[in-house]
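Here's the letter readout for the chains.
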Amino acid sequence: MSDIATVVPPTPSRRGVNIKPGLRWPLGFLTAAVIIFLYYYLDTYFRPAIPDVLHNFVATWLPLLPINEALIYAMAALGLNVVVGYAGLLDLGFVAFWAIGGYTAGWLASGFFFNQDIRFFGSAFTLNQATGGVHITVWLVLVAAGLLCALAGVIIGAPTLRLRSDYLALVTLGFGEIIYEVFYNGDNLFGQNVSNGNRGISPVDSIRFFKFDNTGAFTWGDVGPFDVLSKFVFFVILTAIVLFASLRIREGRLGRAWLAIREDELAASMMGVPLMRTKLSSYAFGAVAGGIAGVAFAVHVSGVFPDRFRFDISILLLAMVVLGGMGNVWGVTIGAIILAWTNSTGLPKAQSLITDSGSKEEVGTILALAGLGLIIAGVVLFLRRRTAPLLTFIGVPVTVIGVVLFAAKRDVSFQFLIFGAVLIIMMLFRREGLIPEARTRLVLREPGRTEAEALGADMVDLAPELERLPDENVHAGGSVPVAPRALTGEEEAR
Amino acid sequence: MSHALQTETTAALKADGLMVRFGGLIAVNRVTFDIPVGGIVSLIGPNGAGKTTFFNALTGLFELAEGQVLLGNKDITGMAPHKIAGLGVARTFQNIRLFGLMTAEENVKVAMHGHLKSGVFGTIIRTPRQRREERIAHDEALELLDFVGIGKTWDEYARNLSYGDQRRLEVARALALKPSVLLLDEPTAGMNPRESAIFTEFVHRVRDEKKVSVLLIEHDMSVVMRVSERITVLDRGEKIAEGGPADIRSDERVIEAYLGKSGMEHGA
């Protein structure tokens, strides 16, 4: 993970048709994937080649299974990023597409429809089986899930996308819940069993893909539930496809239309952008990525279970997008990987560390109270002094550590406390996300030219073909020379 | 562009008995109006006269209570705004409405949305056709930015452009629709007299080189009198006068609308 996180940020890409965007991030992604693959290949088949220290460390902090899950989260978050980050439509029910993708895999690649017997390039395992079911190769199921999710996106979007901001968010939230309830109670939907209810559908067929035999030799065949390394490659490929598509679509006609809608819906429609169709396409595009993530997840856990598609996943996905940096695919990818890893590995391992360390419950209590005191002091002083936020800044982590120490001892789940604290800190100190889109950083950090002028900035160069003021610094780095008289008090002085 | 090549007698855009109602309020009351092909005409009137409402009605933003809008010979009444825009009615906004966090070039390219054809898969795979299309769009955008005089700042975010440049960018963006009719809503608002003077030249140049018919809403009388071939005056949603600059200047109802009855006495 750290390989990805420490990649050098890309040079600011020059927009334009014939200028190639920087290749650093894609190469970083690829390098990280290759390193992880090589390590686990050696670790699995040539165990003596890895020093014990390294093996133990990685086995504790970076197991492969959570990495796979993180990649799946990244796919879904990238899909959500198209809707939220590109087109600016808040979606609180994105897990619905994940669920639909998952159940597509459940329907088309398992023994669920046992009285049917349809086989199409399924895995050898399912092909030779005597029991019935629909067994279509997972590669085709991916396509089917994409199509179904796109369709679902359009069906849901058509009536709801006429709404704006808050209303849209509420409707999508409702939609996410509806899909969950439908699948959860789907064992008796008007007398039909469509989802096995809360038991879920399992096992889902394996993929036909390359894998390794016991000696580590390369073979082609059915990837079993424990061929985690093959699945890792499979997920890396899928993530790469979603990444690639998100990046490319952004630079084209549709991507521009999405951004335009995000910026100013009315002006966009006046410039010939059909609002409904463009919004629907962003919804459909995101839904396809969500569907692919759904199928990937079904492959990951070899099954589909409704409990995996609850509302908190929607929020987690949204947190990934916001944390990483809305609109920036690399930021979102990293945000997704960090949060998924924290959720699956970081926090549980930290908890067991605390439990084993023999620290006292009282230490946690004292720290938590002290931190709370700092926060309260910060909030109270904030009303008067500018330096007071520092107290809050220190207080929040101290409280969190204290509560974590306390909770870990009592064996209480505290991951949402951490997420909440992280989001609060992010919103206070870095609203634009870890690796923000250049545009978003601009709007949050610097006043626009007209805003600056409204503040009284002295910049009158309205007629460009007349002699221009030497204002090179205006364009350097997008900064604006703000000399607001209103702020410097010059106005009052006169 | 094909509309512009029709005979001189045809109107580029014709509004017939246009009426816009907001609840009980009649904002535009049965206004009949046309923009001659290749002409520059102005719409003036005191604040609240219904000028911008009239604009919004023409561009499909408001539903008409009555009346008909013809673009050339095509009835565009009740069409969706993006369709009307696609057919060649472009506009700018009274309070600049650019896409602030997109570059000048991207702003212009957004308006080419309707002309470009590449779909989702073409864009992802980057087919030769899509590349060519994007290259042409890029060149055309730069050409338009050069035309309005801000070619050097094509890579700059719209929000970082100076006020005057933003106004120009709005015009460039509108022109990217390849319109036959260009509607400018108070284009010289916030400009000083010298800039306004330059702007009137600019409007003529746009009309001549881009072969568009222009309708202006304008407050600055010096601009209106200099640039317009015909002026229409609205007051409280009704058309009260129409004619050349000289006629309007001496029209009693216009003076009354602007200055009130007593003002007319003093003015006379």
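Everything below is about the structure printed above this text.
The paragraphs below set out a description of the structure included in this document.

So, how was this worked out
Residues numbered from 1 in each chain as written. Chains lettered and ligands numbered in written order. Predicted model: local features only at pLDDT ≥ 70, side-chain atom pairs only at ≥ 80, totals over all residues. Helix = DSSP H or I, 4+ residues; strand = E, 2+ residues; numbered from the N terminus. Buried ≥ 20, exposed ≤ 12 C-beta atoms within 10 Å, placed from the backbone. Contact = placed C-beta atoms within 7 Å. Rg over C-alpha atoms; globule rule 2.2 N^0.38 Å. Axes fitted to C-alpha atoms, helices over the stretch in contact; angles between N-to-C directions. Parallel < 35°, antiparallel > 145°, perpendicular 65-115°, else oblique. Left-handed = near helix turned anticlockwise from the far one by under 90°. Nonpolar A, V, L, I, M, F, W, Y, C, P; charged D, E, K, R; others polar. Core = buried A, V, L, I, M, F, W, Y, C linked by C-beta atoms within 7 Å. Pairing = 2+ DSSP bridges.

Considerations on the overall build of chain A
The number of helices and strands found in chain A is 22 helices and 5 strands. Across the 494 residues of chain A, 43% fall into the buried class. Looking at chain A alone, contacts between residues at least 24 apart form 72% of all its contacts between residues at least 6 apart.

Let's talk about the overall build of chain B
The number of helices and strands found in chain B is 10 helices and 10 strands. Relative to its length of 268 residues, chain B is compact, with a C-alpha radius of gyration of 19 Å against a globular reference of 18 Å. Considering only C-alpha atoms, chain B reaches an extent of 70 × 40 × 40 Å along its principal axes. Buried residues in chain B amount to 49% of all 268 residues. Counting only contacts in chain B whose residues sit at least 6 apart along the sequence, the fraction spanning at least 24 positions is 68%.

A short note on the packing of helix α5 (residues 95–108) of chain A against helix α8 (residues 165–184) of chain A
All names here are of chain A. Packing of α5 against α8 leaves a shortest axis separation of 8 Å and a crossing angle of 30 degrees. Between α5 and α8, the angle is such that the two are roughly parallel. With respect to the hand of their crossing, α5 and α8 are arranged in left-handed fashion. Mapping the contact onto sequence places V95, A96, A99, I100 and Y103 in α5 and F175, G176, I179, Y180 and F183 in α8. A per-class count over the contact of α5 with α8 returns 9 nonpolar, 1 polar and no charged.

Some remarks on the nonpolar core
Residues and elements named next belong to chain A. By size, the foremost hydrophobic cluster in this structure holds 192 residues, and its most contacted members are M75, A77, I292 and M320. Sorting elements by how many residues they give to this core places helix α4 (residues 64–86) first, with 15 residues. Among residues more than four places away in sequence, those in contact with A77 are L317, M320, V321, V332, G335 and A336.

Comments concerning the sheet that holds strand β2 (residues 117–120) of chain A
Residue and element names in this part refer to chain A. Pairing is mixed across the open sheet formed by 3 strands, whose spatial order is β1-β3-β2. Only two strands of the sheet have a single partner each, and these edge strands are β1 (109–110) and β2. The pairing of β2 with strand β3 (residues 133–136) spans 4 bridges and is classified as parallel. Its bridge partner being in β3, F120 is matched across the sheet by I136.

Structural notes on the packing of α4(A) against helix α13 (residues 311–324) of chain A
Residues and elements named next belong to chain A. Relative orientation of the contacting elements α4 and α13 amounts to 70 degrees, with a least axis distance of 9 Å. Between α4 and α13, the angle falls in the class roughly perpendicular. Contact residues: α4 offers Y73, A76, A77, L80, N81, V84 and G85, while α13 offers L317, L318, M320 and V321.

Digging into the pairing of β3(A)
Residue and element names in this part refer to chain A. Residues of β3 alternate between two faces, with G133 and H135 on one and V134 and I136 on the opposite face, all of them buried. Bridge count between β1 and β3: 2 bridges; the pairing is antiparallel. Within the sheet, the bridge partner assigned to A109 lies in β3 and is H135.

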